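Summary of the model geometry
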Amino acid sequence: MSEYFRNALQQWLDQLEQQSSDGASWLQQRQSTLDRIPDHSEPQAVDLLQQMTRLNQRFEHLAQSLLEQSSDGQLSRQQLLDTYRQHLDGLCHDWINSSCFLPDQLALLSPFLSRSPDPAKQSSDIESFLQRIQQLSSLPRTLLQHSQNLLSSLILFQQAQHAHQQRLSQINHASLNELADRLEPEGVNDIQSLHTLWVDIFEARFNNALRQPDFIASFNQLVDAGSRVRADWQALTDHLCKRFGLVSLAEYDELSLKHQTLQDRVWQLEQQMLDMQSIIQGSDRDKH
């Protein structure tokens, strides 16, 4: 099972446990997150903040290990922090490659793509594929153009992804170091208190980043690159649907809207008929 699926499954189980054991507390935590972030923040940022500050098994393991080492007076923390930072960086990677930014179909493929630390290698892989596509003169010209556009957009998205991932990784690294530095001075001695401290530290650094022009510019570039991928993916799928005589996604959405409108109209007519029947039945009773 890939890291992506393990994270997704763990988050789902964490939410189920929290909702079943203390649903009110979970809702309060979500509302608290919403209250603390800057106004007009993007929903993707809210989603990431919740993922990074969730109390889950991995954090409990980190917290328990830090507390045990701290109580012994031997806080050899670096390996623990590096391991958890890799987990946080993985969450950021999965968040960037999720349907928050990419089309659902491409987001589903992201778990099967390698997480190469070298962005140049990732881009070169797509560029190599793009060059091979360009050499296929047997492909219809329109199909070839749509494919080239999509691959070019994916290259730009990977570049934006790497730039923003680096900024998020810096936040993760600085937040974890601050957590360990404040562990002993603040007298933290239980997991819940440590988690509260972690939430305060990470939210403060994340919210500060949301106010920095460079961070916002990096995020906007990621959103723009994702939008371009979505548009090129939509154009390619619409072309393929048209070529094979299938209903395109845009046409399907339009038909679904018409169907929903007709359903609403039928429901209104049924209600009017029921009201008329009630009136007629009432008149009949009055006559008798």
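Please read all numbers here as calculations on a predicted model, not as lab measurements.

Scanning the model with the defined rule gives five salt bridges in all. A salt bridge links D89 to R85; the shortest N-O distance between them is 3.3 Å. Note that D89 and R85 are positioned in helix α4 (residues 78-96) at a spacing of four residues, about one turn of the helix. Judged by its relative accessible area of 21%, R85 is partly exposed. In this structure, R205 engages E178 in a salt bridge whose closest nitrogen and oxygen atoms are separated by 2.9 Å. Of the two residues, R205 is situated in helix α8 (residues 191-209) and E178 in helix α7 (residues 141-183); the sequence distance between them amounts to 27 residues. Exposure remark for E178: the relative accessible area of 21% places this residue in the partly exposed category.

With 49 residues, the main nonpolar core has F157, L168, L176, L179, L194 and F206 as its most contacted residues. Breaking this core down by element, the ones donating at least two residues are α2 (43-53), α3 (57-71), α4, α5 (104-109), α7, α8 and α9 (213-243). With 12 residues, the top contributor of residues to this core is α7. Discounting residues that sit within four places of it in the chain, L168 has contacts with L48, C92, W95, I96, F206 and F215.

Turning to the packing of aromatic side chains, a few remarks are in order. Going through the model one piece at a time under the given rule, you end up with eight aromatic pairs. Residues F59 and W198 carry aromatic rings whose centres are separated by 6.3 Å and whose planes lie at 35° to one another, so their mutual orientation is tilted. Here F59 is found in helix α3, whereas its partner W198 is found in helix α8, with 139 residues between them in sequence. Relative to F219, the ring of F101 has its centre 6.1 Å away and its plane inclined at 75°; by these criteria the two rings are edge-to-face.

Definitions and cut-offs
Residues numbered from 1 in each chain as written. Predicted model: local features only at pLDDT ≥ 70, side-chain atom pairs only at ≥ 80, totals over all residues. Heavy atoms only, no water. Salt bridge = Lys/Arg side-chain N within 4 Å of Asp/Glu carboxyl O. Helix = DSSP H or I, 4+ residues; strand = E, 2+ residues; numbered from the N terminus. Buried < 20%, exposed > 50% of the residue type's maximum accessible area, 1.4 Å probe, protein only. Core = buried A, V, L, I, M, F, W, Y, C linked by side-chain atoms within 4.5 Å. Contact = heavy atoms within 4.5 Å. Phe/Tyr/Trp six-rings, centres within 6.5 Å; stacked < 30°, edge-to-face > 60°.

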